[in-house]
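# What the coordinates show
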Amino acid sequence: MKLCASILLAAIASANAFSASPIANKASLSRSTSVLNASRNKNKIASRSKWAEARGYCTATADAPADAAAAGLMTNDEGLEYVRLVNGDSTSDIYLYGGCVTSYKVGGQEYVAVRPDAKMDGSKPISGGLSHCWPQFGPGEIQQHGFARNVNWTVKSMTDTTVELEMAPSDYTKEMWDKEFLCTFTVALEDDKLSTRMLVENKGEEAFDFQAALHSYFTVSALENLSISGSFAGKEFLNKMVGDGGEMQTEDREVITISEEYDRVYKGVNDPVLSDSGTGKTLTVMNTAGYEDTVIWNPYGNEGMGYNNFVCVESVKFDPVTLEGGASWTGDMSLKAGDI
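Residues numbered from 1 in each chain as written. Predicted model: local features only at pLDDT ≥ 70, side-chain atom pairs only at ≥ 80, totals over all residues. Heavy atoms only, no water.

Helix and strand counts for the chain stand at four helices and 21 strands. Across the 340 residues of the chain, 52% fall into the buried class. Put simply, the chain shows about 13,700 Å² of open surface, and 46% of that area lies on carbon and sulfur atoms. (Helix = DSSP H or I, 4+ residues; strand = E, 2+ residues; numbered from the N terminus. Buried < 20%, exposed > 50% of the residue type's maximum accessible area, 1.4 Å probe, protein only. Areas by Shrake-Rupley, 256 points an atom, 1.4 Å probe, with all protein chains shown as cover.)

Here it is as structure tokens:
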């Protein structure tokens with residue numbers, strides 16, 4: 001099934017402008033075909049139709065609607081493949097390009113945002129979702145935010161509610177960062193939350209350093225309805241909007257609201273909770289391993305990016321990790337939806 005590109009781009013809104021890069025060969029997916037096919041049931045076509053109509057996508061299927069969405073490997077109208085997970089009234093979409101979670105929907109409410117100016121054809125990293133920044137966060141020795149967000153990941157295993165994606169070195173990655181790594185990204189659509197795990201393994205003998213982040217975009221009914229609570233009060237943060245290189249400041253608020261352009265790095269804060277008075281919903285970002293810091297970003301006033309309908313609350317390991325040969329690092333982040 002293919003979704004109409006024009007409706008897809010209008011229906012999903014959010015990330016910083018990302019650089020273009022080649023797409024990996026899709027033949028790497030062949031070893032997981034049997035697992036993917038096993039997840040499809042006989043009502044798949046009708047189920048997809050109902051899901052697509054509910055979200056505003058178009059579908060060529062005219063069959064009678066079914067009771068639930070279908071899990072499986074899908075392809076959007078621009079040719080990019082993604083995995084859809086289904087658990088009751090919850091769904092999640094994970095693109096192989098960038099290993100990017102672009103949707104987490106519970107009972108009809110979407111919590112993950114993709115910007116209206118996002119490219120969903122692989123010509124540049126997806127501007128939105130839970131986008132990987134690895135092995136570098138921000139500018140540095142290699143390209144902005146690293147390369148994990150603009151290569152194809154492969155499917156290692158999959159069920160209707162879980163998927164494991166894998167990223168290994170390629171000629172493209174070795175040109176800029178010649179390290180023996182293996183990254184495994186696991187997404188699990190549980191009954192009460194969406195869980196993610198980023199596992200980084202050093203497969204070589206020499207140590208290497210890296211940073212890691214999920215550049216997470218979350219939906220907002222309007223910024224005036226948004227508040228972000230957590231252990232912010234009294235913490236120092238880097239305000240990148242001040243001066244040429246930013247300025248260290250101290251947060252005196254317990255609840256963050258946004259009424260100007262934001263780019264702030266809160267070191268030692270990893271317990272943010274978003275509350276949206278417009279929807280009556282909350283979203284708790286649970287960083288239980290690896291991610292120690294939080295970045296809040298919003299391009300306030302930028303209509304083209306759809307600034308008023310998303311906020312980035314990013315899970316970050318800002319200080320570089322030194323990973324010895326044979327060692328591993330894990331970043332665990334879960335999203336739990338609730339009511340105000």
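With that settled, consider the pairing of strand 3 (residues 90-95). When you tally the buried positions in strand 3, you get six out of six residues, the bulk of the element. Residues Ser90, Ser92 and Ile94 point to one face of strand 3 and Thr91, Asp93 and Tyr95 to the other, with burial holding for every one of them. One ladder, built from six bridges, connects strand 2 (residues 81-87) with strand 3; its direction is antiparallel. Directly across from Arg84, in strand 3, lies its bridge partner Asp93. Taken together, strand 2 and the strand that follows it, strand 3, pair antiparallel across an intervening segment of two residues, in which Gly88 is found at a positive phi of about 60°. (Pairing = 2+ DSSP bridges.)

Let's shift gears to the packing of aromatic side chains. Summed over all chains, the structure comprises 21 aromatic pairs. On the numbers, 5.3 Å between centres and 80° between planes, the contact of Trp134 with Trp177 is edge-to-face. Of the two residues, Trp134 sits in the loop between strand 6 (130-133) and strand 7 (154-158) while Trp177 sits in the loop between helix 4 (171-176) and strand 9 (181-189), which places them 43 residues apart along the sequence. Every member of this aromatic cluster is reached through a ring pair, and the members are Trp134, Phe147, Trp177, Phe181, Phe208, Phe210, Tyr291 and Trp329. The residue whose ring lies beneath Arg264 is Tyr262, and the NZ or CZ to ring-centre distance is 4.1 Å. (Phe/Tyr/Trp six-rings, centres within 6.5 Å; stacked < 30°, edge-to-face > 60°. Lys NZ or Arg CZ within 6 Å of the ring centre and 35° of its normal.)

Our focus in this paragraph is the sheet that holds strand 18 (residues 281-289). The strand order across the open sheet formed by nine strands is 7-8-9-10-21-18-17-12-15, and the pairing between neighbours is antiparallel. Both edges of this open sheet fall to strand 7 and strand 15 (255-256), since each of them pairs with a single strand only. When strand 7 meets strand 8 (residues 162-167), the two strands line up antiparallel, connected through four bridges. By the bridge assignment for strand 8, Met158 is matched with Val163.

One can find Glu110 in strand 5 (residues 109-110). Placed 19 residues apart in sequence, Glu110 and Thr91 show a C-alpha to C-alpha distance of 9.4 Å. Polar side-chain contacts of Glu110 include one of 2.8 Å to the backbone nitrogen of Tyr104. A distance of 3.1 Å separates a polar side-chain atom of Glu110 from the backbone nitrogen of Val112. (Polar contact = N/O pair within 3.5 Å; in protein donor to acceptor, adjacent residues only side chain to side chain.)

Further remarks concern the pattern of salt bridges. The final tally for this structure, using the stated rule, is 14 salt bridges. The salt bridge involving Glu166 is made with Lys156; its shortest N-O contact spans 4.0 Å. Taken together, the residues Glu166 in strand 8 and Lys156 in strand 7 connect sequence positions ten residues apart. Accessibility expressed as a relative area gives 41% for Lys156, which makes it partly exposed. For Glu260, the salt bridge identified is with Arg264, shortest N-O distance 3.4 Å. The class of Arg264 is buried, set by a relative accessible area of 9%. It is possible to trace a salt-bridge network through shared partners that takes in Glu190, Asp192, Lys193 and Lys336. (Salt bridge = Lys/Arg side-chain N within 4 Å of Asp/Glu carboxyl O.)

Judged by nonpolar contacts, the single largest core of 60 residues is most densely connected at Trp134 and Leu335. Met74, Tyr82, Tyr97 and Ala118 belong to the second largest nonpolar core, which has ten residues in total. (Core = buried A, V, L, I, M, F, W, Y, C linked by side-chain atoms within 4.5 Å.)

Residues at a pLDDT of 70 or more form 80% of the chain, whose mean pLDDT is 85. Overall, residues 1-67 carries pLDDT values under 50, and its contacts beyond four positions in sequence, including any with other chains, amount to 151 contacts. (pLDDT = per-residue confidence, 0-100. Contact = heavy atoms within 4.5 Å.)

Turning our eyes to something else, we now look at unusual backbone geometry. Backbone torsion omega between Trp134 and Pro135 reads 5°, so that peptide bond is classified as cis. Mapping Pro135 onto the fold places it in the loop between strand 6 and strand 7. One non-glycine residue, His145, adopts positive backbone phi at about 65°. Along the chain, His145 falls in the loop between strand 6 and strand 7.

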